[in-house]
Amino acid sequence: MEDDNPIEELGGEYIEGIELDHISQQQCGVPDFPTAENVEVPTEIPVVDILENKLAVGSIVNSVEEAYLLYCQYAHAKGFSVRKGDQRCFPKTNELQSKEFNCSCEGMKDEKCSSKRIPVYQKLITRTKCKARLKITREKEGVWRVSIFLEEHNHEMFALDQTHLLRSARNLSHAKKSTLEAMVNAGISVSNAVSFMENEACGTQNLGFIRKDAYDHMSRLKKHTKVENGDATALIQYFIEKANKENYFYWNVQLDDDDRVMNFFFRDYKCAVDYEYFGDVLSIDTTYRSNKYNLICAPFIGINHHMQNVLFGLAFMSDETEASFEWLFTTFLDAMYGKQPETIFSDQCQAMMNAIETVFPHSHHRLCQWHINQNAPSHFGNLNGDSNFKKLWYKCMNYCDSEDEFDATWTYMIDTYNLCGHKWLNGMYKIRKKWATAFSNGRFSAGLLATSRSEVTNMVLKKAGNKMCSLYEFVMNYTKILNKWREKEKFEDTRCRHGKPAQILKNHPLLIHAADVYTISIYKLFEIELVNSLNCKSVQPPSCFGNDWNLIEFRVKSHDENSRVRQVVFNKQNNEIKCSCSKFETMGILCKHVLMVFNSFDVTVLPNCYILKRWMKNIKTIVNNDFKESGGGGGGGDKSEMVFVNQIMRSMYDLTQLSKSHEDARKSLYKLVDTATGEISHLLQNLSVDEETPCDDIPSDGHIDEVLVRNPLTAKAKGVTNANITRHWENKSKKGNRKGKEKAEIPSGKGGKRKGQSSQDDTTAREINNIPCQQHLNLTFSQNPFLPPQHFVQHSNQLEGNTNLYTSGEMNLFPYQFQRPHPSQDHQ
C-alpha cells in the first residue's frame, strides 16, 4: 500500500483512535474508526445513587449517628444542608424510638426570635417549606430502619464547589480547636491562624470550617467569665510545689469571704537577688489587663547594670482600692526583707499614691511625667496653641534646678495667663514634689522620668497571655519570658567580662578606667559625657570656695548660647567634686561639667566614691566578695541574709555541676557536706542563747494539705483600658483653638493668639529666657557641699549592707497561709 493512513491524506485529524474531522470515513474506503458517539466507556455509579440505595425505605442502619452521617454525605453530594429534626422516645423511657433529619430549608422563618447581633428583620430568608427529609424508626430492642425518605426539594441546590460552605458540612473538630486556641494564645491573630490552617489543608474547601466558625469559637471562649475552680487551685498548687523546691520562692494570695482569689503576688529567688543589687529604683504600672478574669497585671520593674528591664515580682489585683494596694506593697516589702527603694515611679492613681505613702514612707514617690503630659492638654484648652505657655509648663516639669526657680517660673506662668482659678493646675501644684524634677535632684532615679519601663514590660507580657488565658497559663508563659530576659542579661555579662568597648578617644586615662569598671551600656553614657566636656568652658577664673583653700569653685557652661552656668566645687586634696546640675545624684555617672574640671586638673582615675556599684560590670561578684570579707555577716548583722544565700547557693551549684559526672567527685562532695553539717550542728549546740542569731522559722517538712480555692470573678475595668492617647502637642494637624476646646478653665481674655499680639509674645519669650539665668546665678552652695554628702554616702553604701535601709520585717519563706481582708476593709 502506498498510503498507510488515508485520513492524513485527506487532512483529517486522528487522536487516540477518534476522528475529529467531519469527512465521512466510509467515503475514504477505510473501515470505520470509533468516534465519540459510538465509543462505549464504562461508567461508574454516581455517589448520589449509591447513597440513595443505602437510604431507601426499609434499609437498616446501625445507629442514629450512622444515619445522620449517611444523610449528610448524600446531602453534600446533592447540594443541600441538613438540620436535625424531631425525635420520639418509647413511652415512659428515654430510649429513642424515631429520629428525623430535615433539609435546612424546612419550615419558615421565625419572626419572633433573633440573635443579639442581627435584628430579625435583617436576617436572610432561607427556609422554603422544603419537605425533603429522612426518618428512621425502630421497634423495642429492634434495629433501626429507614421509614421515610423524601428526595424532592423546592429550592435550588448548591454547586459542587460550594458544598464546603454548607452548615452541616462544616465541623470545627477538637484537634482543630486546640490548634486554633494554641496559635491565638501564642499571640497570632485569628485571621493569620486560619490562613495558616488553610495552607496546611491545601485550600479552604479542604479545611472543614470557615473563618466565621473560628471567630465564633474564640468569641464563645471570651464570654467564658468563669471556668472550673481548678484554675485557681492549679495555680496555688504550683506555688506550693515551687516553694518546696526553691526555699526562697515567695508567694502570697489574698482571698475574699467566698474563698475566691482577689490578689496574689509571687517572686522567685533570682528576683530577690536582683532586688538586692538593683532595688534602688522601682517602677509600678497597673494599666494592663491580660487574662480571662480581667485582673490587673502589676509587674514590679527595675533597671539592671546593662540598662535592661529586670523583674522583681509579679502581682494580679482584682481592684484598684487603697486596701488592695496596701496589701500588695506590704507583701512586696515582706518578700524583699523590708528593703525600701530609693525612688518609686507610678501613674497618677490616688489609691496607689496613698498606699505608697503608708507602706514606703522612706522612698521618694514620683509620678509618671508621660501620663501627666498626655492628660494635661485636655485641661489647657486654647492654651495648647500657645508656644510660650508650653515652654513654661515644660520648664516647670524638667528644667528648674531648684525649688526657688520652680516657684518663680510657676508664679510667672500663673500670673501671665491669669490661671489663679485653674482647678487642675492648682491640684498639680499641691503634688508638685511628685512630678517636678526640681524637687528630686538629690534623689537617685537612674535617669527615669516616667513608667515607660513598666509599659515596655506590659508590651512584652502581652505575649504571655490574652483575654482568654487562665491565670495558671499566664504564670507559666510569664516564667518563659522571665527566663529569656535573664538569658539576655547573661549574654551582656559575658560580653562585658570578655571584652571591652572601643574608645572614641584613644588612650584617654578616664575612658580606660571607665571601660575597666563599667558595663558597656554605662560606658557609652559616660563616654558621651566626656566628649561633651570638650565643649565646656569656664566662664570665670577659678576661685576659693569659702575660707577653705582646698575647695576650688568653677563656673562652667557649654558653648551653646542657651546653656546654663553650672557651679562646680572641687576638693583638690581628695578629688571630691560637686556640680549643681546633680547628674551624679540622679543618674549615678559624672556629668560633663565635672569631667571638664577633672581634665583641667589631670585626674586620670575616677574616684571610688563616684563609681556607683550598681553600674559596675562585676557588681554581683563585688557584693559577694564583700560578704566573704566580713566573715559571713554573723557578727554585726551588716549583711542581708539574701546576700549570704546568694553566695552559698551559687558556690554549691558550681560544686554540684563539677562533680555530677564523676562518681569519686560525688563521694567527695557528699563527704564535705556531711562534715560541714556536723560542724555547724556542733557550733549551734554550743552557742549560748545570747549568741544565737534569730532566723526565720522554716517548716521541717514540706507537706501541705490540699487547698481548694475558687477562681476570681471577672473584674470590671474603670473607663477605657489600655487606650492609646494621641500626643496633643506633637500632632501638627490639630490646633488648640478648635471648637470643643473652648470649654477650658481659662478666662476668655487670656487664651490663644489675638491680632497684634506677636510683639507681646516676643517680649514674653525674652522674659522666659531671662528667668533661668537670673535664678541660676542665685543657685550656689551656701555651705561646704561635701559636709556631709548624705545621698552619696547612703547610696554608695546601699549595696554594702547598710542596715539603715532595711526595716525589721521578717519574711516567711513558705507563706502558705491565705490572707483574707479585715472586716473593716471594704472590698468590691
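Each value, and the rule that gives it
- Residues numbered from 1 in each chain as written.
- Predicted model: local features only at pLDDT ≥ 70, side-chain atom pairs only at ≥ 80, totals over all residues.
- Heavy atoms only, no water.
- Helix = DSSP H or I, 4+ residues; strand = E, 2+ residues; numbered from the N terminus.
- Buried < 20%, exposed > 50% of the residue type's maximum accessible area, 1.4 Å probe, protein only.
- Areas by Shrake-Rupley, 256 points an atom, 1.4 Å probe, with all protein chains shown as cover.
- Patch = residues over 30% accessible without salt bridge, like charges linked within 9 Å, V, L, I, M, F, W, Y side chains within 5 Å.
- Salt bridge = Lys/Arg side-chain N within 4 Å of Asp/Glu carboxyl O.
- Core = buried A, V, L, I, M, F, W, Y, C linked by side-chain atoms within 4.5 Å.
- Contact = heavy atoms within 4.5 Å.
- pLDDT = per-residue confidence, 0-100.
- Pairing = 2+ DSSP bridges.
- Axes fitted to C-alpha atoms, helices over the stretch in contact; angles between N-to-C directions.
- Phe/Tyr/Trp six-rings, centres within 6.5 Å; stacked < 30°, edge-to-face > 60°.
- Arc of directions from axis to C-beta.
- Polar contact = N/O pair within 3.5 Å; in protein donor to acceptor, adjacent residues only side chain to side chain.
- Parallel < 35°, antiparallel > 145°, perpendicular 65-115°, else oblique.
- Left-handed = near helix turned anticlockwise from the far one by under 90°.
- Nonpolar A, V, L, I, M, F, W, Y, C, P; charged D, E, K, R; others polar.
- Disulfide = S-S within 2.5 Å.

When its secondary structure is counted, the protein shows 26 helices and 20 strands. Expressed as a percentage of the 828 residues in the protein, the buried residues total 46%. By element, 51% of the accessible surface of the protein is carried by carbon and sulfur atoms, the whole surface being about 45300 Å².

Now for a nonpolar patch on the surface. On the surface, Ile 648, Met 652, Leu 655, Leu 658 and Val 673 cluster together into a nonpolar patch covering about 420 Å² of accessible area. The dominant element in the nonpolar patch, judged by the number of residues it contributes, is helix H23 (residues 641-659), at 4 residues. Along the chain, Val 673 turns up in helix H24 (residues 663-686).

Let us now look at the nonpolar core. Counting residues in hydrophobic clusters, the biggest one holds 42 residues, and the most contacted among them are Tyr 518, Ile 577, Leu 590, Phe 598, Leu 606 and Trp 615. Taken together, the elements giving at least two residues each to this core come down to helix H18 (509-517), helix H19 (520-533), strand S17 (548-558), strand S18 (566-571), strand S19 (576-579), helix H20 (583-587) and helix H21 (592-600). Here Leu 590 is in contact with Glu 529, Phe 584, Leu 595, Phe 598, Leu 606 and Tyr 610, once residues within four sequence places are set aside. In terms of nonpolar packing, the next biggest core, distinct from the first, is built from 36 residues, Met 317, Tyr 337, Ile 344 and Val 359 among them.

Summarising the model, the protein shows a mean pLDDT of 74, and 68% of its residues fall at 70 or more. Within the model, the stretch residues 689-705 combines pLDDT values under 50 with 13 contacts to residues more than four positions away or in other chains. Overall, residues 788-828 carries pLDDT values under 50, and its contacts beyond four positions in sequence, including any with other chains, amount to 108 contacts.

Another aspect to go through is the sheet that holds S19. Pairing is antiparallel in the open sheet, where 4 strands are placed in the order S16-S17-S18-S19. Only two strands of the sheet have a single neighbouring strand rather than two, namely strand S16 (536-545) and S19. The sheet shows a mean angle of 20° between the axes of neighbouring strands, taken without regard to direction. Summarising the sheet, S18 and S19 pair through 4 bridges and their orientation is antiparallel. Following the sheet pairing, Phe 570 is matched in S19 by Ile 577.

What follows is about the pairing of strand S7 (residues 144-150). In this structure, strand S3 (residues 60-61) lies alongside S7, joined through 2 bridges in antiparallel fashion. Among the inter-strand pairings, Ile 60 is bridged to a residue of S7, identified as Arg 145. Of the strand pairs in this sheet, strand S6 (residues 133-137) and S7 are connected by 5 bridges, and their pairing is antiparallel. Each bridged residue has a counterpart across the sheet, and for Thr 137 the counterpart in S7 is Arg 145. Connecting S6 to the next strand, S7, in antiparallel fashion are 6 residues, including Glu 141 with a positive phi near 60°.

Let us now look at the packing of aromatic side chains. Tallied over the entire structure, the rule returns 46 aromatic pairs. Seen in terms of ring centroids, Tyr 71 and Phe 80 are 6.0 Å apart; in terms of plane orientation they differ by 65°. Their pairing is edge-to-face. The exposure class of Tyr 71 is buried, given its relative accessible area of 0%. Exposure remark for Phe 80: the relative accessible area of 1% places this residue in the buried category. Taken together, a centroid distance of 5.3 Å and an interplanar angle of 80° make the contact between Phe 389 and Tyr 417 edge-to-face.

Of the residues making up helix H15 (residues 423-430), those classed as buried are Trp 424, Leu 425 and Met 428. Down the axis of H15, the smallest arc covering the buried residues is 95°, so these residues share one side. Exposed side of H15, more than 90 degrees from the buried face: Lys 423 and Lys 430 are the residues found there. Among the structural elements, helix H11 (369-375), helix H12 (377-380), helix H13 (387-398) and helix H14 (403-416) are those in contact with the buried residues of H15.

Right, let's talk about the sheet that holds S7 for a bit. Here 5 strands make up an open sheet; going across it, the order is S3-S7-S6-S5-S4 and the pairing antiparallel. Two strands in the sheet have a free side with no partner beyond their single neighbour: S3 and strand S4 (82-89). Strand contacts of helix H3 (residues 64-78): S3, S4, strand S5 (96-103), S6 and S7, with the helix running at about 15° to S5, the strand carrying the most contacts.

Attention now goes to unusual backbone geometry. Positive phi, normally seen in glycine, also occurs at Lys 92, with a value near 65°. Its location among the elements puts Lys 92 in the loop between S4 and S5. Its identity as a non-glycine residue notwithstanding, Ala 446 has a phi of 60°, on the positive side. If you trace the backbone, Ala 446 turns up in the loop between H15 and helix H16 (452-461).

On to the side chain of Thr 437, then. Here Thr 437 lies in the loop between H15 and H16. Among the polar contacts made by the side chain of Thr 437, one reaches the main-chain carbonyl oxygen of Asn 398 at a distance of 3.1 Å. In contact with Thr 437, not counting residues within four places along its chain, are Arg 366, Gln 369, Met 397, Asn 398, Tyr 399, Cys 400 and Leu 449.

Quick look at the packing of helix H2 (residues 47-54) against H3 now. Across the interface, H2 lies against H3 with an axial gap of 9 Å and an inter-helix angle of 150°. The angle between the axes of H2 and H3 places the two elements in the roughly antiparallel class. In the crossing of H2 with H3, the sense of the turn from one axis to the other is left-handed. Across the interface between the two elements, Val 48, Leu 51, Glu 52 and Lys 54 of H2 pack against Leu 70, Gln 73, Tyr 74, Ala 77 and Lys 78 of H3. Residue composition of the contact of H2 with H3, grouped by class: 5 nonpolar, 1 polar and 3 charged.

Summed over all chains, the structure comprises 0 disulfides. Of all cysteine sulfurs, the one in Cys 581 lies closest to Cys 579, which takes part in no disulfide; the gap is 3.5 Å. Taking relative accessible area as the criterion, Cys 579 reaches 6% and is therefore assigned buried.

Let us look at the environment of His 422. Position of His 422 relative to the elements: it lies in the loop between H14 and H15. Sequence separation between His 422 and His 379 is 43 residues; the distance between their C-alpha atoms is 8.9 Å. There is a polar contact of 3.0 Å between the side chain of His 422 and the backbone oxygen of His 379.

Take the pattern of salt bridges next. Scanning all chains against the criterion turns up 21 salt bridges. The closest approach of N and O atoms between Asp 268 and Arg 486, which form a salt bridge, is 2.8 Å. In this pair, Asp 268 sits in the loop between strand S9 (261-267) and helix H8 (269-278) while Arg 486 sits in helix H17 (residues 471-497), placing the two residues 218 residues apart along the sequence. In this structure Asp 268 comes out as buried when scored by relative accessible area, which is 14%.

Along the chain, the position of Ala 298 falls in strand S12 (residues 296-303). Along the backbone, Ala 298 and Phe 316 are 18 residues apart, and their C-alpha atoms lie at a distance of 6.0 Å. In this view, Ala 298 contacts Asp 285, Thr 286, Gly 313, Leu 314, Ala 315, Met 317 and Leu 328; residues no more than four positions away in its chain are not counted.

Topologically, Asn 304 is positioned in the loop between S12 and strand S13 (309-317). Residue Asn 304 is classed as buried on the basis of its relative accessible area, which comes to 1%. At 2.8 Å, the side chain of Asn 304 and the backbone nitrogen of Gln 308 are in polar contact. With residues near it in sequence (within four places) discarded, Asn 304 still touches Phe 278, Val 310, Glu 489, Arg 614 and Trp 615.

Counting buried residues along strand S8 (residues 250-255), 6 of its 6 residues qualify, which places the element largely inside the surrounding structure. Residues Tyr 250, Asn 252 and Gln 254 of S8 are buried on one face, and the alternating residues Trp 251, Val 253 and Leu 255, pointing to the opposite face, are buried as well. Hairpin connection from S8 to S9: 5 residues lie between these consecutive antiparallel strands, with Asp 259 at a positive phi of about 60°.

Of note, Thr 286 is situated in the loop between strand S10 (281-284) and strand S11 (288-289). Ignoring sequence-local partners within four residues, the contact set of Thr 286 consists of Ile 296, Cys 297, Ala 298, Glu 320, Phe 325, Asp 347 and Met 352.

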